[in-house]
Amino acid sequence: MEQEQNIWQQKWVVGNWKMNGQLQENNALVHKLRNFPAMDKVCIGITPPTVYLSQVHNAVQIVLGNKIHTCAQDVSRFPDKGAYTGEVSAEMLRDVGVDIVLIGHSERSLYFNEKNDIQRLKIENVLRVGLIPLLCVGESLKEREDGREKEAVAYQLSVFKGLKTQNFAVAYEPVWAIGTGKVATKEQIADMHEFIYSEILSLVGNNANIRVLYGGSVNEKNAADIFSVPHVDGALVGGASLKYDAFTAIITAAQES
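Note that this is a predicted model, so its numbers are computed, not measured.

(A) Highlighting the UniProt feature "binding site: substrate" (unreviewed entry) in the protein chain. Summarizing the sequence annotation, UniProt attributes the feature "binding site: substrate" (unreviewed entry) to Asn16, Trp17, Lys18, Gly179, Ser217, Gly238 and Gly239 in the numbering used throughout. Spatially, the listed residues are clustered: although they cover 224 residues, their C-alpha atoms lie within 13.6 Å of one another. Among the structural elements, Lys18 can be located in the loop between strand 1 (11-16) and helix 1 (23-33). We classify Lys18 as partly exposed; its relative accessible area is 22%. Leaving out residues up to four positions away in the same chain, Lys18 has contacts with Thr47, Pro49, Gln73, His105, Glu107 and Ile178.

What follows is the structure in structure tokens.
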């Protein structure tokens, strides 16, 4: 993965399109984004559905001011090519220009019953081909109400133990805040992000490069406040990333934070 800037020192703003997009509207959005003024303090990523990865990657090769990273929403747990109908391997993602891969988004757990064992396999596959896994963690509303939010997140982070890498990217997304319009308070975000930092260091040692993003109803109105919180290294943005004005306002807030 090319790194013109040290992305482990930048704020990350990664847009997760989820199951949205079509060729024409993708072109319109990405064309605007690639003409956006340079933001040297921000690592920008776009995460389209798999069928549009090549379209997005090809479109962002010609940019005026920013390197825009192509990100994938998921990857196969199987490491090699073979008879796995419907699956897309990490090697295939690299082949079409992907840099970063989301792992363990709560929607994968909710709808496809993916747990730590599957996520660990996916992370290993992504690392093996030289891409960056972005692990999504977060507690349910019941876990938060029961005071078990750190226990839940620590369990999810345990997939990092023993990995052969010093680079760790995490998106903290409280499940109760994803797509609901609810946002964790600044105090809740600060507390959990500090915990995630300390937990990663305890698992892998003090030489780790760490980026911890916040996700969960991030938009152009609350981004600046969220970026002001200690240990918040960026945002994983859902619905707002589909709108040029909203997404670029979030990128600008990251640049100015």
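(B) The arrangement of the packing of aromatic side chains in detail. Taken as a whole, this structure holds 5 aromatic pairs when the rule is applied. Between Phe160 and Phe168 the ring centres are 4.9 Å apart and the planes differ by 70°, which places this aromatic pair in the edge-to-face class. Since its relative accessible area comes to 1%, Phe168 is described here as buried. Against the face of Phe112 rests Arg108, its NZ or CZ located 3.9 Å from the ring centre.

(C) Highlighting the sheet that holds strand 8 (residues 234-237). With respect to topology, 8 strands assemble into a closed barrel ordered 1-2-3-4-5-6-7-8, the strand pairing being parallel. For this sheet, the mean inter-axis angle between neighbouring strands, taken without regard to orientation, is 25°. Across the face of the sheet, helix 10 (residues 244-256) comes into contact with strand 1, strand 2 (42-47) and strand 8 while running at roughly 165° to strand 1.

(D) Highlighting helix 10. Its 13 residues give helix 10 an end-to-end C-alpha distance of 18 Å, which sits within 8% of 18 Å, the value for a rise of 1.5 Å per residue. Inspection of helix 10 places Ala246, Phe247, Thr248, Ile250, Ile251, Ala253, Ala254 and Gln255 among the buried residues, and these make up the whole buried set. Looking at the buried residues of helix 10, the elements they touch are strand 1, helix 1, strand 2, helix 9 (223-227) and strand 8.

(E) How the structure looks around the pattern of salt bridges. Applying the stated criterion across every chain, the model contains 13 salt bridges. Between Glu91 and Arg94 there is a salt bridge; the shortest N-O distance is 3.9 Å. You can see Glu91 and its partner Arg94 sitting in helix 3 (residues 90-95), 3 residues apart, about one turn around the helix. Through salt bridges with shared partners, a single ionic network connects Asp74, Arg108, Glu114 and Lys122.

(F) View of the packing of helix 7 (residues 149-157) against helix 8 (residues 186-204). Orientation of helix 7 relative to helix 8, taken along the N-to-C sense of each, is 40°, at an axis distance of 10 Å. Accordingly, the angle class assigned to the pair helix 7 and helix 8 is oblique. Our pair here, helix 7 against helix 8, has a crossing hand that is right-handed. Along its contact with helix 7, which presents Glu149, Lys150, Val153, Ala154 and Leu157, the element helix 8 presents Asp191, Met192, Phe195, Ile196, Glu199, Ile200 and Leu203. A class-by-class count of the residues in the contact of helix 7 with helix 8 yields 8 nonpolar, no polar and 4 charged.

(G) Region of interest: the UniProt feature "active site" (unreviewed entry) in the protein chain. Here, UniProt's "active site" (unreviewed entry) annotation points to His105 and Glu173. A maximum C-alpha distance of 8.6 Å places the annotated residues, which cover 69 residues in sequence, within one compact spot. Examined against the element boundaries, His105 turns out to sit in the loop between strand 4 (100-103) and helix 4 (106-112). In this structure His105 comes out as buried when scored by relative accessible area, which is 4%. In this structure, His105 is in contact with Asn16, Lys18, Cys136, Glu173 and Ile178, ignoring residues within four places of it in sequence. Positionally, Glu173 belongs in the loop between strand 6 (167-172) and helix 8. Note on Glu173: relative accessible area 7%, which makes it buried. If we ignore the near neighbours within four places in the chain, the residues touching Glu173 are His105, Cys136, Val137, Gly138, Ile178, Gly215, Gly216 and Leu236.

What counts, and where the lines are drawn
- Residues numbered from 1 in each chain as written.
- Predicted model: local features only at pLDDT ≥ 70, side-chain atom pairs only at ≥ 80, totals over all residues.
- Heavy atoms only, no water.
- UniProt positions renumbered as here; feature names shortened; annotations may be inferred.
- Helix = DSSP H or I, 4+ residues; strand = E, 2+ residues; numbered from the N terminus.
- Buried < 20%, exposed > 50% of the residue type's maximum accessible area, 1.4 Å probe, protein only.
- Contact = heavy atoms within 4.5 Å.
- Phe/Tyr/Trp six-rings, centres within 6.5 Å; stacked < 30°, edge-to-face > 60°.
- Lys NZ or Arg CZ within 6 Å of the ring centre and 35° of its normal.
- Pairing = 2+ DSSP bridges.
- Axes fitted to C-alpha atoms, helices over the stretch in contact; angles between N-to-C directions.
- Expected span 1.5 Å × (residues − 1).
- Salt bridge = Lys/Arg side-chain N within 4 Å of Asp/Glu carboxyl O.
- Parallel < 35°, antiparallel > 145°, perpendicular 65-115°, else oblique.
- Left-handed = near helix turned anticlockwise from the far one by under 90°.
- Nonpolar A, V, L, I, M, F, W, Y, C, P; charged D, E, K, R; others polar.

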